[in-house]
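Residues per chain are reported as follows:
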Amino acid sequence: MNEETSAKQPSAPQQQTSGIFPQKPPMQPLNIKSGKRKSIELLCGAVVVILAFILISILKNSYLKPVHTYYKGLSKSDTSAMCEAFPSWLRNANTDDETITVEGMCNTIMTSVLAKCGADCKVSAEMVSYSEKDDAYLNTLEEGIETQYGKTVNITKGRWVKLNVTYQYGGGKQEMTEYARIYKINGRWVLLDIPGAEA
């Protein structure tokens with residue numbers, strides 16, 4: 001009778017303990033980042049922070065967009081571009097019981113600036129300060145727009161802004177204080193009247 005002999009399998013190593021302490025886990029290789037990889041990660045982080053800062057700044061000052069649109073159009077001697085700062089329903093409507101439209105007023109302003117400063121005049125505006133209009137004022141303004149223009153609008157914010165406006169022409173420049181009344185109407189910041197020297 002042939003007896004089968006089986007090779008003795010080595011038994012698993014016994015877990016060693018040191019008194020009440022459990023066995024230490026096996027050593028793991030250290031995850032050491034190369035200098036190049038670390039630099040790329042730092043650069044990506046810096047880019048994200050900068051982009052976030054730029055986005056916050058843009059959103060924070062988005063209410064000034066109609067002001068910049070208006071003065072940029074004035075720099076280009078382009079009445080249509082100036083009118084982009086106003087709601088479309090107001091551009092060709094008579095304003096404040098006058099027979100002149102917003103487009104007509106923009107054209108008058110542009111003609112005056114051209115006469116004083118010449119065709120190479122560049123105009124820029126910076127915000128100095130602003131005051132916020134309350135809900136009662138905005139509600140009254142909504143009613144006035146509906147009465148005068150037959151438009152139902154939703155005005156959520158209003159800011160009266162003091163501006164430092166610079167007119168550069170030839171070899172000289174002139175700085176003036178002007179005021180703009182800006183409103184957020186149906187989700188869009190717009191002007192309802194022409195910026196000027198009076199608040």
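Residues numbered from 1 in each chain as written. Predicted model: local features only at pLDDT ≥ 70, side-chain atom pairs only at ≥ 80, totals over all residues. Heavy atoms only, no water.

Quick look at the side chain of Thr79
Relative to the assigned elements, Thr79 resides in helix 3 (residues 79–83). A polar contact of 3.5 Å, which involves the side chain of Thr79, links it to the side chain of Asn107. (Helix = DSSP H or I, 4+ residues; strand = E, 2+ residues; numbered from the N terminus. Polar contact = N/O pair within 3.5 Å; in protein donor to acceptor, adjacent residues only side chain to side chain.)

Details of the state of the cysteines
Applying the stated criterion across every chain yields a total of zero disulfides. Unpaired in this structure, Cys83 has its nearest cysteine sulfur neighbour in Cys106, at a distance of 4.1 Å. Owing to a relative accessible area of 5%, Cys83 belongs among the buried residues under this scheme. Cys106 gets classed as buried once you look at its relative accessible area, which sits at 0%. (Disulfide = S-S within 2.5 Å. Buried < 20%, exposed > 50% of the residue type's maximum accessible area, 1.4 Å probe, protein only.)

Structural notes on helix 2 (residues 65–75)
Buried residues of helix 2: Pro66, Val67, Tyr70, Tyr71, Gly73, Leu74 and Ser75, and no others. On the buried face of helix 2, the contacting elements are helix 3, helix 5 (102–117), strand 1 (122–132), strand 2 (155–169), strand 3 (172–185) and strand 4 (188–191). Positive phi shows up at Ser77, right after helix 2, with a value of about 55°. (Contact = heavy atoms within 4.5 Å.)

Some thoughts on the pairing of strand 3
One ladder, built from 14 bridges, connects strand 2 with strand 3; its direction is antiparallel. Note on strand 3: the bridge partner recorded for Tyr169 is Gly172. With antiparallel pairing between neighbouring strands as the criterion, strand 2 and strand 3 make up a hairpin whose turn holds two residues, including Gly170 at a positive phi of roughly 50°. Linking strand 3 back to strand 4 in an antiparallel pair, the connection comprises two residues, with Asn186 at a positive phi of about 50°. (Pairing = 2+ DSSP bridges.)

What to know about helix 5
Counted at 1.5 Å a residue, the expected span for helix 5 with its 16 residues is 22 Å, and the 22 Å between its end C-alpha atoms agrees. Among the residues making up helix 5, those that are buried are Val102, Cys106, Met110, Val113 and Cys117. With its buried residues spanning 70° around the axis, helix 5 presents them on a single face. Taken together, the buried residues of helix 5 touch helix 2, helix 3, helix 4 (88–91) and strand 2. At the C-terminal side of helix 5, Gly118 shows a positive phi close to 90°. (Expected span 1.5 Å × (residues − 1). Arc of directions from axis to C-beta.)

Thoughts on the pattern of salt bridges
A complete count under the given rule lists four salt bridges for this structure. Between Arg91 and Glu84 there is a salt bridge whose closest N-O contact spans 3.7 Å. A salt bridge links Arg159 to Glu132, with the shortest nitrogen-to-oxygen separation between them at 3.2 Å. Placement of Arg159 in strand 2 and of Glu132 in strand 1 is noted, with a sequence separation of 27 residues between them. (Salt bridge = Lys/Arg side-chain N within 4 Å of Asp/Glu carboxyl O.)

Here we look at the confidence of the model for the protein chain
For the protein chain, per-residue confidence averages 80 on the pLDDT scale, and residues scoring 70 or more make up 71% of the total. Looking across the protein chain, the model is least confident in helix 1 (residues 35–60), with a mean pLDDT of 61, and most confident in strand 4, with 96. (pLDDT = per-residue confidence, 0-100.)

Points about the packing of aromatic side chains
This model, assessed by the stated rule, comprises six aromatic pairs. Ring plane angle 85° and centroid distance 5.8 Å describe the contact between Tyr137 and Trp160, whose orientation is recorded as edge-to-face. One end of the pair, Tyr137, is in helix 6 (residues 135–149); the other, Trp160, is in strand 2, with 23 residues separating them in the sequence. Here Arg159 stacks its cationic end above the ring of Tyr63, 4.5 Å away from the centre of that ring. (Phe/Tyr/Trp six-rings, centres within 6.5 Å; stacked < 30°, edge-to-face > 60°. Lys NZ or Arg CZ within 6 Å of the ring centre and 35° of its normal.)

Here's the deal with unusual backbone geometry
Within the chain, Ser77 stands out as a residue other than glycine whose phi angle is a positive 55°. Along the chain, the position of Ser77 falls in the loop between helix 2 and helix 3. Of note in the backbone geometry, Asn186 takes a positive phi value of approximately 50° without being a glycine. Relative to the helices and strands, Asn186 resides in the loop between strand 3 and strand 4.

Focus: the sheet that holds strand 1
The strand order across the open sheet built from four strands is 1-2-3-4, with neighbouring strands paired in antiparallel fashion. The open sheet is flanked by strand 1 and strand 4, the only strands paired with a single partner. In this sheet, adjacent strand axes meet at a mean angle of 35° when their direction is disregarded. Where strand 1 lies against strand 2, 10 bridges are found, and the strand directions are antiparallel. (Axes fitted to C-alpha atoms, helices over the stretch in contact; angles between N-to-C directions.)

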